[in-house]
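# Structural overview
Okay, here's what each chain looks like letter by letter:
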Amino acid sequence: MYQDYPVIGLCMVRADDERNFNMIEALSKKIHAIGARLMIFQSTTNMYWEYKPEGGERSIYSLVNYDYVDLMIVFSEIINDEGLIDSIVQNAKIHGKPVFTIGKPHAGCTNFGFLYVDGIEKAIRHVVEHHGCRELCFVAGPEGESTSELRIEKYREIVSEYGLEDSLPRIFYGGYWSVPAMAAAEEILQLEKLPEAIVCANDIMAITIADVFREKGIRVPEDVILTGLDDTIEAHANVPSITTSGCDMNELADMIISAFQKIQNGEQPEEEYLCHFSFVEGQSCGCRETMDSTPLSNYLKYNIAKQNEKLFVEQSFHTIYEKILGAPDVKQLPGILDSMKFGSLEIMVNEDSFRRNVNPLAEGIHMDFDARQRVIYQSGRDISELPVTIRLSDLSPDFDRLIRLERPIVLSPLSFFNRAIGYLVYAPEVTNQNYYMVMPYTNSLSEIIGSYSMVRYLEFNAEQMDRMARHDYLTDLYNRNGFYTHLPHLLRRCDTPFYAAITIDMDGLKNMNDKFGHETGDLAIRYISRAVAAASSDHSISGRFGGDEFVICAALQNVHEAEQIRRSIHNYLSEHMVNTSLPCDVTVSIGTCVMDREEFDFDTALKISDERMYIEKNGKKNRRT
């Protein structure tokens, strides 16, 4: 319970699907009528078939906060993943919350089932008793699939009851989809005699078979009667309209609310509730002789409106796509997104998705949501206040207001290459058009945010690779390549009368390596690099050309500044020695060459400074000798 509102959670997929939306619409009305609230956790990936997303999409179901969810409903019929369903059920049970399943039953849960076989039975009895058909065939779903086999069993039971033995073996498999249904239609056409009626296990197959028959010159219902199942809008809009049957979603919602109220009153609900199908007569069986253009007209208007809206959204996202990818600062994103004028939408993104040094495609990254989320868009909020950060457990920065609305709160995952990168919180008015937009919003924003994260990482990676190519790994000064790359820039931007090449070489590196080891030698080289860097200014560049050799090119106002750089390096080495762990003093030999700007050639100056450095170094050796 949250703010005195009982909260019901619903785990499902594809809230935009027509049948799923019809259930949400009916359930939402009933839930709000008793003063409760509905939260929908939905994936945009269809989990009914073989494909089961392993990462990002599945993570949406982990967002359920059982501190205030009083009942969890799992639409198990459309989530064909027993492991996922089991984890949702177990989490609810751990928190002591009841679980209802819709479709496939699950141990320890109250199940609400659809009597699909009730629809099959009503279709068979109608064509036999009302139309006098004696020769039937049945088009089932996939062969071996459990719900398909149950419908086949009911078909055999009813035709046996009527003594229609010749119809028993006439079973074809249409896979619930158009392509296999076309193949089933061709098989039926190969029969010696066309059956009087074809009973299909869903509307899509019935519509497809009617199309195939029309191309062959076979009339429905004059030559053959056809029935479907599911009561879809396509069935009503088809020519001829399909005789079908469908689940009464209001009856389903009433049963769910009744069972929930029993639990609230301390009573035990039934283990199973079954929702009946209502039979809907259409033209495909001959019960409606005249064509009513209203369903077809409404269907066309509805689909045109949907496609126009989808096209508008896709074009709008395309417009902001390049703007977002080109925005190096995340603070720019709310302003860009605000041009879309979303209604009741919040966009939360993993904090890691905005860290330039994090590879969004690295192994183990973003399989689940980060503990903290960055809110980069919130409808109605001043964009100057965004982005803000919230805890994942809070779900929304505006949850207190959303829970008071008599609308479902829909949470949909943002996923990029099967990795969770964030989620959307959507709470529009409950209309088919609004829920249809969940899919394009989620998919487009997933691509945009994921690509934004990838572009920022690639930029960072390119910078790092460039740095590795141009900087010495031990000292972080320029290497020879980096030095010569930046040298022309220095010469162009510094308009001074003199330039100097300065060569610095460590004294006794070989002896130090032999006596104390190469690690000590590396420490000494890093120590010298700090002295070189400290002696450099904005008007100079410095680098390590190899081993213990360092080089500076400096723009000078007078010839004496080169000597100041020399003294600065020597002073740094003597003054900071006490702060190191080196076992002996570190000294260097330095050679300089100063030239007028007009005469300056770095390589020539470097050769002279190098020679002078070796003169100094050899002088030290002679003195020691």
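Up top you'll find the structure we're talking about.
Attention in this report is confined to the structure presented alongside it. All values reported here derive from a predicted model rather than from experimental measurement. (Residues numbered from 1 in each chain as written. Predicted model: local features only at pLDDT ≥ 70, side-chain atom pairs only at ≥ 80, totals over all residues. Heavy atoms only, no water.)

### Points about the sheet that holds strand S17 (residues 419-426)
Each strand in a sheet pairs with another by means of backbone hydrogen bonds, the pair being arranged parallel or else antiparallel. In space, the 11 strands of this open sheet follow the order S11-S5-S4-S3-S1-S2-S16-S17-S13-S14-S15, with mixed pairing throughout. Only two strands of the sheet have a single partner each, and these edge strands are strand S11 (272-275) and strand S15 (388-391). Across the sheet, the mean angle from the axis of one strand to that of its neighbour is 25°, orientation sign disregarded. (Pairing = 2+ DSSP bridges. Helix = DSSP H or I, 4+ residues; strand = E, 2+ residues; numbered from the N terminus. Axes fitted to C-alpha atoms, helices over the stretch in contact; angles between N-to-C directions.)

### Re the environment of Leu 477
Relative to the elements of secondary structure, Leu 477 occurs in the loop between helix H13 (438-470) and helix H14 (480-493). Taking the C-alpha atoms as reference, Leu 477 lies 57 Å from Tyr 68; in sequence the two are 409 residues apart.

### As for helix H2 (residues 82-94)
Counted at 1.5 Å a residue, the expected span for H2 with its 13 residues is 18 Å, and the 18 Å between its end C-alpha atoms agrees. If you check which residues of H2 are buried, you get Leu 84, Ile 85, Ile 88, Val 89 and Ala 92. Summarising the axial view, the buried residues of H2 lie within an arc of 130°, below the 170-degree limit, and thus occupy one face. Positive phi appears at Gly 96, one or two residues downstream of H2, with a value of about 70°. (Expected span 1.5 Å × (residues − 1). Buried < 20%, exposed > 50% of the residue type's maximum accessible area, 1.4 Å probe, protein only. Arc of directions from axis to C-beta.)

### Details of the state of the cysteines
Scanning the entire structure with this criterion turns up zero disulfides. This cysteine, Cys 137, is not joined by any disulfide, and Cys 200 carries the nearest cysteine sulfur, 7.5 Å off. Judged by its relative accessible area of 0%, Cys 137 is buried. Overall, Cys 200 belongs to the buried group, its relative accessible area being 0%. (Disulfide = S-S within 2.5 Å.)

### Let's talk about the layout of surface pockets
Quantified by volume, the second largest pocket comes out at close to 400 Å³. Taken together, 19 residues form the lining of the second largest pocket, with Gly 103, Phe 114, Tyr 116, Thr 147 and Leu 150 sitting closest to its centre. Of all the secondary-structure elements, those providing two or more residues to the lining of the second largest pocket are strand S5 (110-114), helix H3 (116-130), helix H4 (146-161) and S11. Among the elements that take part in the lining of the second largest pocket, H4 stands out by supplying seven residues, more than any other. Its residues assigned to classes, the lining of the second largest pocket shows seven nonpolar, five polar and seven charged. (1 Å grid on protein atoms, 1.4 Å probe; cavity = no way out; pocket = protein on both sides within 12 Å on 5 of 7 lines; lining within 4 Å. Points joined across faces, edges and corners; volume = space filled by probe spheres on them. Nonpolar A, V, L, I, M, F, W, Y, C, P; charged D, E, K, R; others polar.)

### Description of the sheet that holds strand S18 (residues 498-506)
Read from one edge to the other, the open sheet built from four strands follows the order S19-S20-S18-S21, with strand pairing classed as antiparallel. The open sheet has two edge strands, strand S19 (540-546) and strand S21 (588-596), and neither has a second partner. Each neighbouring strand pair of the sheet contributes to a mean axis angle of 15°, computed without reference to strand direction. As judged from the eight bridges shared by S18 and strand S20 (residues 549-556), these two strands associate in the antiparallel manner. Bridge assignment links Tyr 499 to a residue of S20, and that residue is Ala 555. Strands in contact with H14 are S18, S19 and S20; relative to S19, the strand with the most contacts, it is inclined by about 160°. The strands touched by helix H17 (residues 561-575) are S18, S20 and S21; relative to S21, the strand with the most contacts, the crossing angle is about 165°. (Contact = heavy atoms within 4.5 Å.)

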